[in-house]
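Given next are the chains, with one letter for each unit.
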Amino acid sequence: MITYLICKCHAYESKLLPRGMILELASLSKLEEFIEALSTTVYGQSLSEARSVWDVETALTEIFVDRLSTLLRFSPENVKEFLIQYYRRFEVQNLIRIMRMKLAHEPVETIEEIIIPSERLGGMDLDPFMRARDFSEFISLLSGTVYKKISKMEVENPLILENMLRWIYYSGVFDKISKIPRDDRPDVVKILGVELDLHNLRVWMLPVLYGYDKRLAESLLIDNPAGKSKRLLMELRSVEDFLEEFPRYRVFIEALMRREEWRAEIEHFKILKDEVDRRRISKYINFFYVLKYILDCEVEYRNLRSIAISIHHNLPVDVRRGLLILPRA
Amino acid sequence: MSLTGVRYTKGFLLDLKRRLEFIKDAHDLLEMKRDQLMIELRKALERFKELRRKVEDEAEEVYRELSLLHSTLGSADLETYSAYLKGRMEVKMIPRSVIGVVIPMLREIHIPDYTNLYPPQIIPLAEKTSTLMKDLAKLAELEAYIENLAEDLRKTNIRVNALEKVVIPSYEETVRRIQGVLDDEMLEEIIRLKQIKEILMRGRTA
């Protein structure tokens with residue numbers, strides 16, 4: 001059964017847009033041209049109705065979620081369990097967005113517009129959260145979910161709550177590692193470790209770069225069983241220490257040092273993509289390839305979204321191309 | 001323009017001359033004020049040009065950062081980031097007088113703090129926007145200052161011109177006229193006295 005899923009991923013992979021086409025799309029000057037260029041691809045039908053950049057984003061999100069949810073249909077029970085937990089990252093992203101909007105007292109209609117349909121990825125129904133009267137009700141609703149720890153917390157800073165959601169998510173993913181084939185576990189753990197390293201690095205640089213409270217930054221760190229430990233990270237005091245300890249993340253750290261958060265965001269995905277692509281051949285017929293396909297889908301989604309928005313902002317072509325997550329040459 | 005209620009007396013002439021001196025002093029003072037206003041206005045315009053260029057550069061940078069962040073994070077995330085901001089931008093204004101011109105001064109500009117509150121992704125944009133807002137407020141203050149200064153300069157100029165071209169010449173003209181009349185009267189008086197003297201002399205010899 002898992003072989004079937006891997007084969008499906010190989011088949012689906014051929015439907016991903018080639019690098020050349022992504023670069024071509026990035027050089028278009030109008031959103032209409034962008035929609036037209038994608039009309040013969042899998043995006044064609046969904047984008048045919050799109051009139052604004054917001055419509056394009058919504059259509060791209062739909063296709064992305066479709067692609068991920070399809071994988072659940074072909075997954076054996078164990079793998080499905082892992083994938084559902086892995087996909088909870090989008091649920092967490094949604095919960096964070098809802099939480100922020102509740103704090104800003106935004107109406108349900110506005111919140112509905114910015115939500116990724118994570119229920120289709122095996123996530124919980126977010127409707128009650130969106131309809132919560134206020135922030136307190138939103139927090140109390142979490143008591144009946146896997147995120148119940150948050151409902152018992154009494155913290156004022158929402159950043160800590162966001163972090164707690166992420167912490168619960170990663171704990172859950174590490175717990176479900178046993179559901180995937182034994183051979184793939186170290187590689188999947190390694191990728192999760194890189195993700196957490198990058199998150200923790202960014203958080204721990206907050207006091208150095210932006211004068212954030214060290215205790216707050218400490219509470220925003222997430223335990224990383226597959227990377228640098230919190231204790232080790234907390235011993236790093238300067239940018240030089242960071243560069244020495246994480247030489248592979250030099251470009252990421254340098255982007256943060258230049259306060260180019262947008263570039264750091266791109267580097268984050270480039271590092272993950274490099275990490276996954278490095279195992280591409282050796283893991284050709286393993287579950288790891290499914291994870292590679294999921295990441296490729298997300299990268300394509302982000303690249304297309306980035307192109308659409310940068311066309312909307314009329315950014316120069318070279319800048320647009322610089323925003324793409326493409327494997328390093 | 002001619003003065004009304006003119007009396008052709010020595011007392012009135014003296015009073016008029018005293019008033020003319022006062023008006024001339026006032027004219028000199030207003031001229032000095034006008035020059036000073038011109039200097040202030042020129043300086044303020046220089047500062048305005050500089051600040052405006054700075055604000056334009058900052059606004060461009062903010063828009064660039066916003067576009068890049070929007071492209072990277074997407075609309076939904078970007079929209080939700082601003083929700084954590086507590087408080088609003090507040091500006092307190094007090095009127096202040098500079099060389100007699102009342103100008104609005106920004107006493108304090110309060111920008112909501114975002115430290116320890118925002119996720120890292122959004123901080124550079126928040127920092128840049130915050131600086132832009134502060135400088136925009138300063139630019140507005142300077143603009144109001146220049147407007148008031150220019151208006152006062154215009155009024156002062158009208159006053160100086162009115163004194164120079166109308167009031168002072170009419171006073172001088174009136175003084176000259178009274179002086180002329182008084183001189184004529186005095187000459188008349190002398191001739192009259194001479195004639196009386198002649199009549200008296202003729203009476204004695206006869």
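Residues numbered from 1 in each chain as written. Chains lettered and ligands numbered in written order. Predicted model: local features only at pLDDT ≥ 70, side-chain atom pairs only at ≥ 80, totals over all residues. Heavy atoms only, no water.

A.B. asks: In this structure, what is going on with the overall build of chain A? I would like to understand it.
C.D. replies: The number of helices and strands found in chain A is 20 helices and zero strands. Here chain A has a C-alpha radius of gyration of 20 Å; the compact-globule value for 329 residues is 20 Å, and the two agree. Projected onto its principal axes, the C-alpha positions of chain A cover 50 × 50 × 45 Å. For chain A, the proportion of contacts with a sequence separation of at least 24, taken over those separated by at least 6, is 66%. A total accessible area of about 14400 Å² is found for chain A, and carbon and sulfur atoms account for 51% of it. Positive and negative side-chain charges in chain A, numbering 49 and 51 respectively, have mean positions lying 4 Å apart. (Helix = DSSP H or I, 4+ residues; strand = E, 2+ residues; numbered from the N terminus. Rg over C-alpha atoms; globule rule 2.2 N^0.38 Å. Contact = heavy atoms within 4.5 Å. Areas by Shrake-Rupley, 256 points an atom, 1.4 Å probe, with all protein chains shown as cover. Lys, Arg positive; Asp, Glu negative; His and termini not counted. Charge placed at Lys NZ, Arg CZ, Asp CG, Glu CD.)

A.B. asks: For this particular structure, what's the right way to read the side chain of Glu13 of chain A?
C.D. replies: Residues and elements named next belong to chain A. Position of Glu13 relative to the elements: it lies in helix α1 (residues 2-13). Within polar-contact distance, the side chain of Glu13 engages the side chain of Tyr289 at 2.8 Å. A distance of 2.8 Å separates a polar atom in the side chain of Glu13 from a polar atom in the side chain of Lys292. Setting aside anything within four residues of it in sequence, one finds Glu13 in contact with Tyr289, Lys292, Tyr293 and Asp296. (Polar contact = N/O pair within 3.5 Å; in protein donor to acceptor, adjacent residues only side chain to side chain.)

A.B. asks: I would appreciate a short explanation of the interface of chain B and chain A in the present structure.
C.D. replies: Interface size, as often reported, equals the accessible area lost upon joining of the parts. If you look at the interface, chain B gives 30 residues, while chain A gives 36 residues. Both sides of the chain B and chain A interface together cover about 3000 Å² of buried area, and 60% of this is carbon and sulfur. Applying the counting rule to chain B against chain A returns three salt bridges. The salt bridge partner of Asp77 of chain B is Arg97 of chain A, with a shortest N-O separation of 3.0 Å. (Buried area = accessible area lost by both parts, 1.4 Å probe. Salt bridge = Lys/Arg side-chain N within 4 Å of Asp/Glu carboxyl O.)

A.B. asks: What should I look at first to understand the environment of Thr4 of chain B in this one?
C.D. replies: Residue and element names in this part refer to chain B. Looking at where Thr4 falls in the secondary structure, it is placed in the segment before α1 (10-73). We classify Thr4 as exposed; its relative accessible area is 75%. Residues Thr4 and Lys33 lie 29 residues apart in sequence; the distance between their C-alpha atoms is 30 Å. (Buried < 20%, exposed > 50% of the residue type's maximum accessible area, 1.4 Å probe, protein only.)

A.B. asks: Would you mind going over helix α18 (residues 261-278) of chain A with me for this structure?
C.D. replies: Side chains of residues three or four places apart in an α-helix project in the same direction, reflecting 3.6 residues per turn. The terminal C-alpha atoms of α18 of chain A, which comprises 18 residues, lie 26 Å apart, in line with the 26 Å expected from a rise of 1.5 Å per residue. Counting buried residues along α18 of chain A, 15 of its 18 residues qualify, which places the element largely inside the surrounding structure. (Expected span 1.5 Å × (residues − 1).)

A.B. asks: How should the packing of aromatic side chains be read in this particular structure?
C.D. replies: Residues and elements named next belong to chain A. Counted under the stated rule, the structure contains 11 aromatic pairs over all chains. For the ring pair Phe246 and Tyr249, a centre distance of 5.5 Å and an interplane angle of 20° mean the geometry is stacked. By relative accessible area, Phe246 is classed as buried at 4%. The exposure class assigned to Tyr249 is buried, which follows from its relative accessible area of 3%. Through a chain of ring-to-ring contacts, three or more aromatic side chains come together here, namely Tyr4, Tyr12, Phe74 and Tyr293. Between the NZ or CZ atom of Arg89 and the centre of the ring of Tyr86, over which it lies, the distance is 4.2 Å. (Phe/Tyr/Trp six-rings, centres within 6.5 Å; stacked < 30°, edge-to-face > 60°. Lys NZ or Arg CZ within 6 Å of the ring centre and 35° of its normal.)

A.B. asks: So what exactly am I meant to see when it comes to the pattern of salt bridges here?
C.D. replies: Two side chains of opposite charge can pair, provided their charged atoms sit close to one another. Residue and element names in this part refer to chain A. In the structure shown here, the tally under the stated rule is 52 salt bridges over all chains. Notably, a salt bridge pairs Asp127 with Arg131, separated by 3.1 Å at the nearest N-O pair. Here Asp127 and its partner Arg131 are both found in helix α8 (residues 127-131), four residues apart, which amounts to about one turn of the helix. By relative accessible area, Asp127 is classed as partly exposed at 28%. Judged by its relative accessible area of 46%, Arg131 is partly exposed. A salt bridge links Asp187 to Arg279, with the nearest nitrogen and oxygen atoms 2.7 Å apart. With a gap of 92 residues between them, Asp187 in helix α12 (residues 185-204) and Arg279 in the loop between α18 and α19 (288-312) connect regions that are remote in the sequence. This pair shows no difference in class: Asp187 is buried, exactly as Arg279 is. Taken together, the shared-partner salt bridges connect Glu13, Lys273, Asp277, Lys292 and Asp296 into one network.

A.B. asks: I'm lost on the packing of α1 of chain A against α19 of chain A in this one. Help?
C.D. replies: Helix-helix packing is described using two parameters, namely the angle between the two axes and the distance between the axes. Residues and elements named next belong to chain A. Packing of α1 against α19 brings their axes to within 9 Å, and their N-to-C directions diverge by 30°. As summarised for this structure, α1 and α19 are arranged roughly parallel, according to the angle between their axes. Pair α1 / α19 crosses with left-handed handedness. Each of Leu5, Ile6, Cys9, His10, Tyr12 and Glu13 in α1 lies in contact with α19, whose residues at this interface are Tyr289, Val290, Lys292, Tyr293 and Asp296. Each residue belonging to the contact of α1 with α19 can be placed in one class, and the counts come to seven nonpolar, one polar and three charged. (Axes fitted to C-alpha atoms, helices over the stretch in contact; angles between N-to-C directions. Parallel < 35°, antiparallel > 145°, perpendicular 65-115°, else oblique. Left-handed = near helix turned anticlockwise from the far one by under 90°. Nonpolar A, V, L, I, M, F, W, Y, C, P; charged D, E, K, R; others polar.)

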